[in-house]
Structures are given as C-alpha cells and as structure tokens.
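As a plain string of letters, each chain reads:
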Amino acid sequence: EADVKKSGLKYAILRLPFFTDNLYGSLDTIQSQNTIYAGAEGDKKFSTVHIQDATAVAVKVLQSPDDFNGKIVTPTTAPYSYNELVAALSKAVGRDIKYVQVPYNAVKEAFLAKGYPEWQVDGIVELFQLFNADKYDYSNNEVETITGRKPASIEEWTAAHAAAFK
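Residues numbered from 1 in each chain as written. Predicted model: local features only at pLDDT ≥ 70, side-chain atom pairs only at ≥ 80, totals over all residues. Heavy atoms only, no water.

Asks: Would you mind going over the side chain of Thr 48 with me for this structure?
Replies: Structurally, the position occupied by Thr 48 is in strand β4 (residues 48-49). At a separation of 3.2 Å, a polar atom in the side chain of Thr 48 contacts the side chain of Tyr 80. (Helix = DSSP H or I, 4+ residues; strand = E, 2+ residues; numbered from the N terminus. Polar contact = N/O pair within 3.5 Å; in protein donor to acceptor, adjacent residues only side chain to side chain.)

Here it is as structure tokens:
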C-alpha cells in the first residue's frame, strides 16, 4: 500500500477483512458433526465481509474511480461472534450446530493437514489471536454508503446459504 500511495498514480485500496464465506471451510464438520471448530473464543466479536457485499462495493469503486481516489475502503458486516454465528446457522439449517474453540496449535495442525502452506496457516492463527484480543472489529457503514443497501446480516447470510450446510 505504501508503494502505491507514493507512486503518484490514482488509486483506491479495497481492504477486505475475514470473509464470512470462509465458513465453507467448516462444511465437512458442520455436516458430519454439527460443529464448527476454530481458534477464537466463542463470544469474541469480529468483522467479516460477505463476498457478494465486497463485490458490490468493488463494482461501485471501479465505476466511479474519481470518487474513491486516494481512499481505503473496508466493507464489513456488523461484527458477530462464533456463538452468534452458530445460533444463526442452527436456525437456518433447522438443527443445533455447536461451536468448539480449539488451541492455536491444533488450528495450525488441522490446516497444515489440509495442505495449506505454513505462511497462510500462520496468518489464520494470527487472525484468531486478533479476534481473541478484541482487535478485529472494523465495522463501518461503507457497504451501505457506497452501494445504497445494508450489508447482509449473519442471519441473512446463513439463511441464504443454509442448503449447502444441511
């Protein structure tokens, strides 16, 4: 980002937080064990963005580049916790889904076993550490300001994606 800013070029930076859609990474344990495993404490809130909302914001930025020149845009949903996520998903799929916090080393082992490169796994663990330290709330109204509509809530997102998790 610093190099882009110093370049003298016109720019807008779309800084995307954790994707809500990363929940698909837990598809197998949701379907087979009715459980989501992650490294965050269940009640810690964090910001995410839905791919559809990020795309809508990106389209608007690309359509009106002069309006966003020199700006950093970080579209987000309202922050929520894993406990709130499993409550919404449970309602959407019609069965109880639970959340289990696992230690960081278990998170790392699980992602490495799935074939993720270590640098990426270290980044995932760092995200969970930020969640647990209450340092991952980037909530704002940029989706609504830029697109004219509110971002989908976690309840709306889980309802729209429920069929995949049944």
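Asks: Even after reading the chapter, I still don't get the nonpolar core, so can you show me in this structure?
Replies: Soluble, globular proteins show a tendency: their nonpolar side chains are buried together. Residues Leu 23, Ile 36, Tyr 82, Leu 89, Phe 128 and Phe 131 are the most contacted members of the largest nonpolar core, which totals 28 residues. Of all the elements in the fold, those that place two or more residues in this core are β3 (35-38), α5 (82-93), α7 (118-132) and α9 (154-165). At six residues, the largest contribution of residues to this core is made by α5. With residues near it in sequence (within four places) discarded, Ile 36 still touches Leu 23, Ser 26, Thr 29, Ile 30, Tyr 82, Leu 85, Val 86, Leu 89, Ile 97, Lys 98, Tyr 99 and Val 100. Counting six residues, the second largest nonpolar core, distinct from the first, contains Val 57, Val 61, Val 73 and Ile 146. (Core = buried A, V, L, I, M, F, W, Y, C linked by side-chain atoms within 4.5 Å. Buried < 20%, exposed > 50% of the residue type's maximum accessible area, 1.4 Å probe, protein only. Contact = heavy atoms within 4.5 Å.)

Asks: I tried to follow the packing of aromatic side chains on my own but got confused; where do I start?
Replies: Aromatic ring pairs are defined here through the distance separating the ring centres and the angle between the ring planes. With the rule as written, the count across this model stands at 13 aromatic pairs. Measuring from ring centre to ring centre gives 5.4 Å for Phe 18 and Phe 131, while their planes differ by 90°; the resulting arrangement is edge-to-face. Highlighted residues: Phe 18 in strand β2 (residues 18-19) and Phe 131 in helix α7, separated in sequence by 113 residues. Note on accessibility: Phe 18 and Phe 131 belong to one class, buried. Relative to Tyr 116, the ring of Phe 111 has its centre 5.0 Å away and its plane inclined at 90°; by these criteria the two rings are edge-to-face. One aromatic cluster is present, formed by Phe 18, Phe 46, Tyr 80, Tyr 82, Tyr 99, Phe 128, Phe 131, Tyr 136 and Tyr 138 through successive ring pairs. (Phe/Tyr/Trp six-rings, centres within 6.5 Å; stacked < 30°, edge-to-face > 60°.)

Asks: For this particular structure, what's the right way to read the packing of α5 against α9?
Replies: Angle between the axes and distance between the axes: these two values describe a pair of packed helices. With their axes 8 Å apart at the nearest point, α5 and α9 run at an angle of 50° to one another. With respect to their mutual orientation, α5 and α9 come out oblique. The handedness of the crossing between α5 and α9 comes out as right-handed. Between α5, through Leu 85, Ala 88, Leu 89, Ala 92 and Val 93, and α9, the contact on the second element is made entirely by Ile 154, Glu 155, Thr 158, Ala 159, Ala 162 and Phe 165. Across the contact of α5 with α9, the residue classes break down as nine nonpolar, one polar and one charged. (Axes fitted to C-alpha atoms, helices over the stretch in contact; angles between N-to-C directions. Parallel < 35°, antiparallel > 145°, perpendicular 65-115°, else oblique. Left-handed = near helix turned anticlockwise from the far one by under 90°. Nonpolar A, V, L, I, M, F, W, Y, C, P; charged D, E, K, R; others polar.)

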